[in-house]
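A structural walkthrough
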Amino acid sequence: MRLTDDRIKSLSLPPAGERIDIRDDVLPGLVLRVASTGIKTFTVYRRLKGHNPVRVTIGRWPAVSVKTARERARREIDALASGTDTRPARRAAKAKGMTVRSILEEYLRLHSRRHKAAYQRDLRRMINAELKPLADKAVTSIDGGAVVEWHRKFASRPVADKAGRVLRALLRFAAGHHDLRGPDGKVASEALGTLRLWAKPKRKKTIVRDMLAWRFAVAALPKEPVRDLLMALALTGLRRSEWREARWHQLDLQRGVLRLPDPKSRVDTEIPLSSGVLEILRAQRSDGHLDAAVFSLDGKRPIGTKTLHEAVAATWQTVGRWQLHDLRRGFSTRADMMVPPAVARRLMGHATAGGDAHDGYFAADATTLRPFAERVADAVFKAPAEVVTLAQRTVAR
């Protein structure tokens, strides 16, 4: 086809998910690639001297007209005929202008299967928060001094270190994939090497000490789905996202299990549910929608994190300040006192200890673990002195 701007404008689009190539009759080697999305791109498809055919992108129509596309294509065809491939130089020129933000998007595209969706969302949040002062700067303009100064401005050291680890991963990615470095020829994040960014922060040890008072405070909350969600968190020790985002298709009420298809440990698992949790779930209305959230205010969507945190704050006057993860720590504390360590990890959806060969053989299913889940759940609202520990049970036998 003799390509003209009017003919390109009237072209029919290919079926969804497909694309077609239209060759120009005027200049052999110039090709218009038409995608089902409506994007039309000029390319050159010719043999590089001494090598196989290559495709060189010229630009998109209509930003690039047919006349301009032919002029650029002639230069590319002459270069290919002489054995010169202009693509590496063009890629290098483009890469020099790449910002931390654009590197992040490329990093996430290449690692989309490796990183969980929640982690990817957190990185995109960080690029507009902690990383914002550096986000739109060219990687080649960032030096070690700028990175150290940025790191020092954070009021919270854990927040600064987490952001620093992300920045280091992105700048190393830019150096490895595009050979991009700072003005001094170094990867700017190397300046953070002496700051011990990988030092583990001290874990909090806080739990809700008076769970009976907590139970009465939660029972006074006005929204039943929120009350039920908080009770489920207390009686299972699961992560808040695992219950907040749980769907009805993950539940098997007959067997009494919750399926976690891709938990933090990345090992699909089934969590045994105690009778108290099953009673809460059976009182919920699923309306037959298996993709609906188990705990929902509108019968479809999960309860929002803002709503959940507001409910937590509403109980502080009665039981003092506490956070959602305190419920997980409290359940873990009781589980460690009452059941074997391998069982406690399985009840909470923790990964097994990788360095423990014996733990690797632990293969109890949800049915076998249910009595242990029941035992720990029964102790959640008991005073510590009333909890019968594993050692006490062993002596009693």
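Residues numbered from 1 in each chain as written. Predicted model: local features only at pLDDT ≥ 70, side-chain atom pairs only at ≥ 80, totals over all residues. Heavy atoms only, no water.

Regarding the overall build of the protein
- Of regular secondary structure, the protein possesses 19 helices and 7 strands.
- Looking at the protein residue by residue over its 397 residues, the buried ones come to 42%.
- On the protein, roughly 22,900 Å² of surface is accessible, and the fraction owed to carbon and sulfur atoms is 52%. (Helix = DSSP H or I, 4+ residues; strand = E, 2+ residues; numbered from the N terminus. Buried < 20%, exposed > 50% of the residue type's maximum accessible area, 1.4 Å probe, protein only. Areas by Shrake-Rupley, 256 points an atom, 1.4 Å probe, with all protein chains shown as cover.)

Observations concerning helix α12 (residues 275-283)
- Every buried residue belonging to α12 is among V277, L278, I280 and L281, and all of these are buried. One side of α12 carries all its buried residues, which in axial view fall inside an arc of 160°. Turned more than 90 degrees off the buried face of α12, the exposed positions are E279, R282 and A283.
- Tucked into the core, α12 has its buried residues touching α10 (224-236), α11 (240-244) and β5 (251-252). (Arc of directions from axis to C-beta. Contact = heavy atoms within 4.5 Å.)

Digging into the packing of aromatic side chains
- All chains considered together, the criterion is met by 5 aromatic pairs.
- A centroid spacing of 5.3 Å and a plane angle of 85° characterise the contact between W150 and F154, whose relative ring orientation is edge-to-face.
- By relative accessible area, which is 22% here, F154 ends up partly exposed.
- Here W214 and W322 contribute two aromatic rings whose centre-to-centre distance is 5.8 Å and whose plane-to-plane angle is 75°, an arrangement assigned as edge-to-face. A residue pair is termed long-range when its members are at least 10 positions apart, and W214 in helix α9 (residues 211-219) and W322 in the loop between α14 (316-319) and α15 (324-338) qualify at 108 residues.
- Residue W322 is classed as buried on the basis of its relative accessible area, which comes to 3%. (Phe/Tyr/Trp six-rings, centres within 6.5 Å; stacked < 30°, edge-to-face > 60°.)

Notes on empty space enclosed by the protein
- Scanning the model with the defined rule gives 2 cavities of 30 Å³ or more in all.
- When its volume is computed, the largest cavity comes out at roughly 60 Å³.
- Class assignment of the residues belonging to the lining of the largest cavity gives a composition of 6 nonpolar, 1 polar and 2 charged.
- Empty space within the second largest cavity amounts to approximately 50 Å³.
- Every residue along the wall of the second largest cavity is listed here: L235, T236, I271, P272, S274, F331, L347 and A373.
- Contributing elements (two or more residues each) for the lining of the second largest cavity: α10 and β7 (269-272).
- In terms of residue class, the lining of the second largest cavity is built from 6 nonpolar, 2 polar and no charged. (1 Å grid on protein atoms, 1.4 Å probe; cavity = no way out; pocket = protein on both sides within 12 Å on 5 of 7 lines; lining within 4 Å. Points joined across faces, edges and corners; volume = space filled by probe spheres on them. Nonpolar A, V, L, I, M, F, W, Y, C, P; charged D, E, K, R; others polar.)

Concerning the side chain of T315
- Residue position: T315 is located in the loop between α13 (305-314) and α14.
- Overall, T315 belongs to the buried group, its relative accessible area being 1%.
- When neighbours within four sequence positions are excluded, T315 is seen to be in contact with A217, V218, L221, G320 and W322.

A few points about the sheet that holds β5
- As summarised here, the arrangement of the 3 strands in space is β5-β6-β7, forming an open sheet in which the pairing is antiparallel. The sheet is open, and its two edges are formed by β5 and β7, each paired on a single side.
- In the sheet, β5 pairs with strand β6 (residues 257-260) via 2 bridges, with the strands oriented antiparallel. Residue D252 lies in a different strand from β6, and its bridge partner there is V257.
- Sheet strands in contact with helix α18 (residues 366-379) are β6 and β7, and its direction is about 35° off that of β7. (Pairing = 2+ DSSP bridges. Axes fitted to C-alpha atoms, helices over the stretch in contact; angles between N-to-C directions.)

Description of the packing of α9 against α10
- Look at α9 against α10: their axes get within 9 Å of each other, and the N-to-C directions meet at 160°. Here α9 is positioned roughly antiparallel relative to α10, judged by the angle of their axes. Read as a crossing pair, α9 and α10 show a hand that is left-handed. Between α9 and α10, the contacting residues are M211, W214, R215, V218 and A219 on the first element and R227, L230, M231 and A234 on the second.
- In the contact of α9 with α10, the residues fall into 7 nonpolar, no polar and 2 charged. (Parallel < 35°, antiparallel > 145°, perpendicular 65-115°, else oblique. Left-handed = near helix turned anticlockwise from the far one by under 90°.)

Re the sheet that holds strand β4 (residues 53-61)
- The strand order across the open sheet built from 4 strands is β1-β2-β3-β4, with neighbouring strands paired in antiparallel fashion. Strands at the two margins of the open sheet, each flanked by one partner only, are β1 (19-23) and β4. Geometrically, the sheet is characterised by an average inter-axis angle of 30° between neighbouring strands, direction not taken into account.
- Note: strand β3 (residues 40-47) against β4, 8 bridges, orientation antiparallel. Looking across to β4, one finds that R46 is bridged to V54.
- Running over the sheet, helix α2 (residues 66-81) touches β2 (30-35), β3 and β4 and is turned about 25° from β3.

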